[in-house]
Amino acid sequence: MRASSPHHSDVFSHLPVSLMRELETDQVVALVDRLVADGWRPGQLRHRVGAAASQGSVERDAVHLVELLTCLMQGPCPDARHAEERRAREQQREHEAADAPEPASSEVRERHLARMRAELGILPSRRPEPQSHTRPACSLCDGEGTWFVTRDVHLCDRCVAVLATGEARLSQTG
């Protein structure tokens with residue numbers, strides 16, 4: 001009697017029927033189930049089996065695939081290898097961050113720049129402080145006019161809402 005498992009049919013379902021039947025042994029089923037239990041996903045196994053070169057006959061293909069699966073048992077699964085590589089990269093980043101020099105404080109930086117400018121004969125330049133832009137007052141209630149009507153008329157949100165309800169109207173100004 002030939003053995004079968006859901007993982008076995010998932011891994012080998014894309015192969016020719018004669019090769020799939022050749023691989024329906026207890027040894028292969030146990031091997032595939034063990035690989036899946038060790039962390040291999042059936043799709044990963046299916047891709048590796050599908051990428052294997054043909055050996056010329058169904059029997060030799062079956063032997064080659066069993067050897068391939070056996071070789072996969074000796075190493076870690078791709079997900080575990082990827083997790084280990086990520087862990088190593090994170091540890092490397094943490095190590096580099098711990099060894100990285102701290103940036104100079106603003107006082108030290110300014111002192112250094114002033115000394116360099118003095119050596120070069122450059123006068124320190126001061127940037128003008130940016131002007132604060134205030135919005136004009138609302139033409140109706142003296143709130144902050146966020147809505148532009150004309151160059152001289154601005155309205156706040158509350159007054160625009162009152163105008164929208166129809167309770168108030170703007171009169172035409174000269």
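Quick caveat: nothing in here was measured; it's all calculated off a predicted structure.

For the rest of this paragraph, the subject is the overall build of the chain. Within the chain, the secondary structure is distributed over eight helices and two strands. Moving toward the C terminus, one meets the helices and strands of the chain in the order α-α-α-α-α-α-α-β-β-α. For 174 residues, the compact-globule estimate of 2.2 N^0.38 gives 16 Å, and the chain exceeds it by more than 25% at 38 Å. Based on the C-alpha atoms only, the size of the chain along its principal axes is roughly 100 × 70 × 30 Å. Counting only residues that meet the buried cut, the chain has 22% of its 174 residues in that class. Taking all contacts inside the chain whose residues are at least 6 apart in sequence as the whole, residues at least 24 apart take part in 42%.

Here we take up the packing of helix H3 (residues 26-37) against helix H5 (residues 58-74). With their axes 10 Å apart at the nearest point, H3 and H5 run at an angle of 30° to one another. Once H3 is placed against H5, the crossing between them reads as left-handed. Counted together, Gln27, Val28, Leu31, Val32, Arg34 and Leu35 of H3 and Val66, Leu69, Thr70, Leu72 and Met73 of H5 form the full contact between these two elements. Across the contact of H3 with H5, the residue classes break down as eight nonpolar, two polar and one charged.

Opposite charge on two side chains lets them pair, provided their charged atoms get close. Evaluation of the coordinates by the stated rule reveals three salt bridges. When the shortest N-O distance is used, the salt bridge between Arg46 and Asp10 registers 2.6 Å. Taken together, the residues Arg46 in helix H4 (residues 42-51) and Asp10 in helix H1 (residues 6-12) connect sequence positions 36 residues apart. By relative accessible area, which is 26% here, Arg46 ends up partly exposed. Of the charged contacts, one joins Arg87 and Glu84 as a salt bridge, the two residues approaching to 2.9 Å between their closest N and O atoms. Of the two residues, Arg87 and Glu84 are both situated in helix H6 (residues 78-99); the distance of three residues between them amounts to about one turn of the helix.

The rules behind each value
Numbering of residues starts from 1 in each chain and follows the order in which that chain's sequence is written. Owing to the predicted nature of the model, reporting of local features is limited to residues with pLDDT of at least 70; listing and counting of side-chain atom pairs is limited to 80 or more, with chain, interface and lining totals taken over all residues. By convention in this description, side-chain values take in all heavy atoms of the structure and omit both hydrogens and water. Here a strand is any run of E in DSSP of at least two residues, a helix any run of H or I of at least four, and the numbering for each starts at the N terminus. Our radius of gyration looks at C-alpha atoms and nothing else; its globule reference is 2.2 Å times the residue count to the power 0.38. Throughout this description, buried means an accessible area under 20% of the type-specific maximum (1.4 Å probe, protein chains only), exposed means over 50%, and partly exposed covers the range between. It only takes one pair of heavy atoms within 4.5 Å for two residues to be counted as in contact. Comment: axis = line fitted to C-alpha atoms, over the contacting stretch for helices; angle = value between 0 and 180 degrees taken between N-to-C directions. By convention, the crossing between two helices is left-handed when the near helix turns anticlockwise from the far helix through less than a right angle, and right-handed when the turn is clockwise. The residue classification treats Ala, Val, Leu, Ile, Met, Phe, Trp, Tyr, Cys and Pro as nonpolar and Asp, Glu, Lys and Arg as charged. All others, Gly included, are polar. For salt bridges, the criterion is a side-chain nitrogen of Lys or Arg within 4 Å of an Asp or Glu carboxyl oxygen.

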